[in-house]
Amino acid sequence: MEKHILVTNDDGILAPGLLALAQEMRKLGKVSILAPDRNWSGGGHVKTLDRALRVKEVRLADGSTGFASDGAPSDCVSLGVLGYFKEKVDLVVSGVNHGANLGHDVTYSGTVTAAMEAVIFDVPGIAVSLEIPEDHLDEMDYRPAAEAARAVVERVIANGLPPDILLNVNVPYLPADRLMGFLMTRQGLRVYHGRLDERVDPRGKPYYWIGGDAPTAIPERGTDVGALAEGYVSVTPLQLDLTAYRTLSDLNNWNLQEKNS
Ligand code: MN
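Predicted model only: the values in this text are computed from it and were never measured.

What counts, and at which threshold
- Residues numbered from 1 in each chain as written.
- Predicted model: local features only at pLDDT ≥ 70, side-chain atom pairs only at ≥ 80, totals over all residues.
- Heavy atoms only, no water.
- Helix = DSSP H or I, 4+ residues; strand = E, 2+ residues; numbered from the N terminus.
- Buried < 20%, exposed > 50% of the residue type's maximum accessible area, 1.4 Å probe, protein only.
- Contact = heavy atoms within 4.5 Å.
- Areas by Shrake-Rupley, 256 points an atom, 1.4 Å probe, with all protein chains shown as cover.
- Lys, Arg positive; Asp, Glu negative; His and termini not counted.
- Charge placed at Lys NZ, Arg CZ, Asp CG, Glu CD.
- Donors = N, O, S within 2.8 Å, 3.2 Å for Na, K, Ca; no water.
- Pairing = 2+ DSSP bridges.
- Axes fitted to C-alpha atoms, helices over the stretch in contact; angles between N-to-C directions.
- Parallel < 35°, antiparallel > 145°, perpendicular 65-115°, else oblique.
- Left-handed = near helix turned anticlockwise from the far one by under 90°.
- Core = buried A, V, L, I, M, F, W, Y, C linked by side-chain atoms within 4.5 Å.
- Nonpolar A, V, L, I, M, F, W, Y, C, P; charged D, E, K, R; others polar.
- Salt bridge = Lys/Arg side-chain N within 4 Å of Asp/Glu carboxyl O.

### Re the overall build of the protein chain
- Looking only at helices and strands, the protein chain has six helices and 13 strands in total.
- In terms of overall dimensions, the protein chain has a C-alpha envelope of 65 × 55 × 45 Å along the principal axes.
- Put simply, the protein chain has 261 residues, and 44% of those count as buried.
- Of all intrachain contacts in the protein chain linking residues separated by at least 6 positions in sequence, the fraction that spans at least 24 positions is 75%.
- Roughly 14,600 Å² of accessible area belongs to the protein chain as shown, and the carbon and sulfur atoms make up 53% of that amount.
- Placing the 25 positive and 35 negative side-chain charges of the protein chain at their respective mean positions leaves the two points 4 Å apart.

Right, dumping it as structure tokens:
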């Protein structure tokens, strides 16, 4: 039976990466598009509970119809899998994001947390992000990344994913014929150079910017960062169970559980 694929993103309904992804996904099934009405990049995993969500119909650049909500990417996924489209959603694909989501980026990323939200509702989720080369000024071509996403999603449709697992796909910015292939990876490391800028407003009150230089990536082999550095598409399976099992047994040695000790 034809699959019903929900396509979303965190860059907003009019982002070119969303359209490129939707166009590729149409080759695999029926596509519905529901994405935020504005850019939510860095918005993380959100569940909007304190206000109503609105959805409006939007005409996309290729003439097709999408839907935009004033919620976060993860809200868009909730709306979609909980019945906005009446028809059951079989798969959620999020992207193609403007910029890679590597290492510790994943919980900040609206792109990745949209796929996490799908998994919470027992729907397979795949996040797709495209690396932006440094000092890149031209318009980005999202097609090679969308095509790479199609290859991954085809496998997910054929093989399924275990419960609690999502895929985080990152694509280096290369023409399709220069992509080296696919590597299954673990999360790598980006070193964040956080710095707090304190300034003073015209009324004499301090305000703050969380800033600093862009994170430095450690291109270790076997990791998402390493795969991109070598020109490969990186596919990282992520799990929502963040429990540190090895530490769990160490914590038992703290004997906190003994009463009156
Ligand atoms: Mn984004």
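We are not done yet, so read on.
### Things to note about the coordination of the manganese ion
- Surrounding the manganese ion are the protein donor atoms Asp 10 (OD), Asp 11 (OD), Ser 41 (OG) and Asn 97 (OD1), which sit 2.0 to 2.2 Å from the metal.
- Written as a sequence motif, the donor residues of the manganese ion are D-D-x29-S-x55-N. Of the two residues, Asp 10 sits in the loop between strand S1 (3-8) and helix H1 (16-25) while Ser 41 sits in the loop between strand S2 (29-36) and strand S3 (55-59), which places them 31 residues apart along the sequence.
- Owing to a relative accessible area of 2%, Asp 10 belongs among the buried residues under this scheme.

### Things to note about the sheet that holds strand S5 (residues 91-98)
- Read from one edge to the other, the open sheet built from nine strands follows the order S3-S4-S2-S1-S5-S6-S7-S13-S8, with strand pairing classed as mixed. Strands with a single pairing partner mark the edges of an open sheet, and in this sheet they are S3 and strand S8 (182-184). Neighbour-to-neighbour, the strand axes of this sheet turn through a mean angle of 25°, independent of strand direction.
- Most of the contacts of helix H3 (residues 110-120) go to strand S6 (residues 125-130), to which it runs at about 170°, and overall it touches S1, S5, S6, strand S7 (165-171) and strand S13 (233-239).

### Quick notes on the packing of helix H2 (residues 73-84) against H3
- At their nearest, the axes of H2 and H3 sit 8 Å apart, and the two run at 30° to each other. Classified by the interaxial angle, the pair formed by H2 and H3 is roughly parallel. Considering how the two elements wind past one another, H2 and H3 form a crossing that is right-handed. Taking contact as the criterion, the partners of Pro 73, Ser 74, Val 77 and Ser 78 in H2 are, on H3, Gly 110, Thr 113, Ala 114, Glu 117 and Ala 118.

### With respect to the nonpolar core
- One finds Val 7, Met 25, Ile 126 and Val 171 to be the most contacted residues of the largest nonpolar core, which totals 37 residues.
- Listing elements by their share of this core, those giving two or more residues are S1, H1, S2, S5, S6, helix H4 (143-159), S7 and S13.
- Counting residues per element, this core draws most heavily on H4, which supplies seven residues.
- For Ile 126, the contacting residues outside a window of four places in its chain are Leu 91, Val 92, Val 93, Ser 94, Ala 115, Val 152, Val 153, Val 156, Leu 167 and Val 169.
- Counting 12 residues, the second largest nonpolar core, distinct from the first, contains Phe 85, Val 89, Ala 118 and Val 123.

### Some remarks on the environment of Ala 68
- Position of Ala 68 relative to the elements: it lies in strand S4 (residues 65-69).
- Owing to a relative accessible area of 2%, Ala 68 belongs among the buried residues under this scheme.
- When sequence neighbours within four positions are dropped, the list of residues in contact with Ala 68 reads Ile 13, Leu 34, Ala 35, Asp 37, Arg 54, Val 55, Lys 56 and Val 58.

### Quick look at unusual backbone geometry
- Of note, the bond from Gly 95 into Val 96 is cis; its omega dihedral lies within 30 degrees of zero at -15°.
- By the element assignment, Val 96 lies in strand S5.

### Considering the pairing of strand S11 (residues 206-211)
- Note: strand S10 (residues 195-200) against S11, six bridges, orientation antiparallel. From the neighbouring strand, Arg 199 faces S11, where its bridge partner is Tyr 207.
- Linkage of S10 to S11, two consecutive antiparallel strands, is achieved through a turn of five residues, within which Gly 204 is found at a positive phi near 85°.

### Details of the packing of H1 against H4
- At a minimum axis distance of 9 Å, the contact between H1 and H4 shows a crossing angle of 40°. Compared by their axis directions, H1 and H4 come out oblique. For the crossing formed where H1 meets H4, the hand is right-handed. Residue-level inspection shows Ala 20, Leu 21, Glu 24 and Met 25 of H1 in contact with H4, the latter providing Ala 146, Glu 147, Ala 149, Arg 150 and Val 153.
- The residue makeup of the contact of H1 with H4, split by class, is six nonpolar, no polar and three charged.

### Points about the pattern of salt bridges
- Overall, the coordinates contain 15 salt bridges when judged by the stated rule.
- Where Glu 220 meets Arg 186, a salt bridge forms, and the shortest distance between an N and an O atom there is 3.1 Å. Remark: Arg 186 occurs in the loop between S8 and strand S9 (189-191) and Glu 220 occurs in the loop between strand S12 (216-218) and helix H5 (224-229); sequence separation between them is 34 residues.
- Of the residues examined, Glu 220 reaches a relative accessible area of 43% and is grouped as partly exposed.
- For the salt bridge of Arg 199 with Asp 197, the shortest nitrogen-to-oxygen distance reads 3.2 Å.
- What makes Arg 199 partly exposed here is its relative accessible area of 42%.
- Among the ionic contacts, a cluster of salt bridges with common partners joins Glu 24, Lys 27 and Arg 150.

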